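# Geometric and topological summary
Each chain, letter by letter, is given below.
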Amino acid sequence: MPMIEKGKISSLQLGLAMYLMIGATSTLIVPAISAKQAKQDMWISPIWGALWGILCIFLAWKLERLYPRSTFVEYSERIVGKVAGKAISFVFLFFLLLVIGSIIREYEEFIILAFLPNTPMAVVVAGIVMASSFAVRSGLEVLVRFAVLFAPLFGLLLAFIFLFLLPDLDWQNVRPVLGYGVMPSIKGAIEPIAWFIEFFAIAFLLPCLRNRKSGLRAGLGAVLAMLATMVLAHLTCLLLFGDLTADLMFPVFSASRFISIADFFSHVESIVATLWLLGGFVQISMWQYALTIGTAQWLKLTDYRPIVFPLGFLVIAFAKWVAPNFQDMLAFFLTTGPVFSLLCLVLIPAALLFIALIRKSFGSGN
Amino acid sequence: MKLLFTLSLALIVWGLFRYDWPRMNAGMKKEKTAFIGIIAVAAFLSILLIWFPRIPSAMKMIDLLFGPLGSILKT
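Reading the values: the criteria
Residues numbered from 1 in each chain as written. Chains lettered and ligands numbered in written order. Predicted model: local features only at pLDDT ≥ 70, side-chain atom pairs only at ≥ 80, totals over all residues. Heavy atoms only, no water. UniProt positions renumbered as here; feature names shortened; annotations may be inferred. Helix = DSSP H or I, 4+ residues; strand = E, 2+ residues; numbered from the N terminus. Contact = heavy atoms within 4.5 Å. Buried area = accessible area lost by both parts, 1.4 Å probe. Salt bridge = Lys/Arg side-chain N within 4 Å of Asp/Glu carboxyl O. Polar contact = N/O pair within 3.5 Å; in protein donor to acceptor, adjacent residues only side chain to side chain. Core = buried A, V, L, I, M, F, W, Y, C linked by side-chain atoms within 4.5 Å. Buried < 20%, exposed > 50% of the residue type's maximum accessible area, 1.4 Å probe, protein only. Phe/Tyr/Trp six-rings, centres within 6.5 Å; stacked < 30°, edge-to-face > 60°.

### Quick notes on the UniProt feature "transmembrane region" (unreviewed entry) in chain B
- Taking the numbering used here, the UniProt-annotated feature "transmembrane region" (unreviewed entry) corresponds to residues 34-52 of chain B.
- Taken end to end, residues 34-52 of chain B is 95% helix and 0% strand, and its first and last C-alpha atoms sit 26 Å apart.

### Regarding the interface of chain A and chain B
- On the side of chain B, 36 residues touch chain A, which itself brings 39 residues to the contact.
- Both faces combined, the contact of chain A with chain B buries some 3,100 Å², and carbon together with sulfur accounts for 78% of it.
- Our count for the contact surface shared by chain A and chain B stands at one salt bridge.
- With a shortest N-O distance of 2.6 Å, A:Arg137 and B:Asp20 are connected by a salt bridge.
- Linking chain A with chain B are nine residue pairs in polar contact (both at pLDDT 80 or more).
- At the level of elements, α4 (82-114), α5 (121-137), α12 (308-321), α13 (326-334) and α14 (336-361) of chain A are the ones that each hand at least two residues to the side of chain A that touches chain B.

### Some points on the nonpolar core
All names here are of chain A.
- Core analysis: the largest hydrophobic core is formed by 164 residues, its most contacted members being Phe72 and Phe200.
- For this core, the leading source of residues is α4, giving 16 residues.
- In this view, phenylalanine 200 contacts Cys56, Leu59, Ala60, Leu63, Phe72, Tyr75, Phe92, Leu345 and Pro349; residues no more than four positions away in its chain are not counted.

### Considerations on the side chain of A:Ser70
Residue and element names in this part refer to chain A.
- Along the chain, the position of serine 70 falls in the loop between α2 (45-66) and α3 (72-80).
- On the basis of relative accessibility, which here comes to 4%, the residue serine 70 falls in the buried class.
- A distance of 2.7 Å separates a polar atom in the side chain of serine 70 from the backbone oxygen of tyrosine 67.
- Residues in contact with serine 70, not counting those within four places in the same chain, are Glu64, Tyr75, Arg78 and Pro207.

### Description of the packing of aromatic side chains
All names here are of chain A.
- In the structure shown here, the tally under the stated rule is 32 aromatic pairs over all chains.
- Taken together, a centroid distance of 5.3 Å and an interplanar angle of 80° make the contact between phenylalanine 110 and phenylalanine 250 edge-to-face. Within this pair, whereas phenylalanine 110 is found in helix α4, its partner phenylalanine 250 is found in the loop between α9 (215-241) and α10 (251-257), the two being separated by 140 residues in sequence.
- Centre to centre, the rings of phenylalanine 318 and tryptophan 321 are 5.3 Å apart; their planes meet at 90°, and the pair counts as edge-to-face. Here phenylalanine 318 and its partner tryptophan 321 are both found in helix α12, three residues apart, which amounts to about one turn of the helix.
- Taking relative accessible area as the criterion, tryptophan 321 reaches 12% and is therefore assigned buried.

Right under this line is the structure:
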């Protein structure tokens, strides 16, 4: 079957796109959640998460090596047969819808809390989904250019928040390091892990890579960049707020409100929120792209562009349906969410890889 | 208010057809079916959410499936 996506991307573009695809929301809400469990060791939690990220990149890369130029939806059918493959892909596509729904919900809550308190939710959601639908319709090459444009800005932004807050940071907050053993940091890592395993979504981009050999390196680079960003975000919150971090909704954003240098360099939070919006736009478009490509391949369409806007419509409905309110969503992230993510992003791909390796070694795979 | 939301929903569906339908040529039968199917699912879900906002959420449904496993993490 010919490839549905005609565009080709470079490894740098792939890495930056993956960085933003996971990164934007992770720095927005994850510090508050991991602070609940890990307390002063919260900055160690992303390191446990990154190990899982590396595992997921490896899974996606290995599967793509075995079935060149095909995405998750295509090779799952070839590995376990038509019916079972379709069923697995359906679960995965539903999971993608859920992820997009919750990402958009996080953004909507963020924008309404920070800037537009009186705007109805539907307007904010429809606005961003419409923009990202147009981006997805233009194809992958356009999307990754957005990523190349915004990812460095996003990384720099977090570094600058940390730098500008240096006078206010209290380094005593990290002590005692591992004071209660490693367990608190591992418990606090549940949320970073749930975010890092989303790196498996690289399975939808790897087939479009111009130079297939560099896929693994680009993916691992993205994981490392993400790790650095997350540790920095966690440290900023920890050093500034200490134990208070757990009670804040968007701790890094609250931290940016603290920036005030020489009494004239202040109120930078509007710049911060703008950059977050741009990062979020890329993030939502990338996930929506994965969903669109996946659905088109699941239905064996010849072109994915006709279903971009209908799927956007579905995504808007999902953003409302995922959870009745933000608190319920955060509770879900701490309980069932990671289990479901682990099933879809680690266990199913690992099982597929296992079956594929057995089939290859007995020579019955094609 | 609910009626207004439903009407704007109809407007969105009309807009989707207006924008995308002429771009598909006669041979793309499968695409047209998928187009209508996805819009139907999305419209159904939206109408359900507008008229019965208290229906169990997606996360609640997954909670029912994986709830016992999820509660392990809670401690």
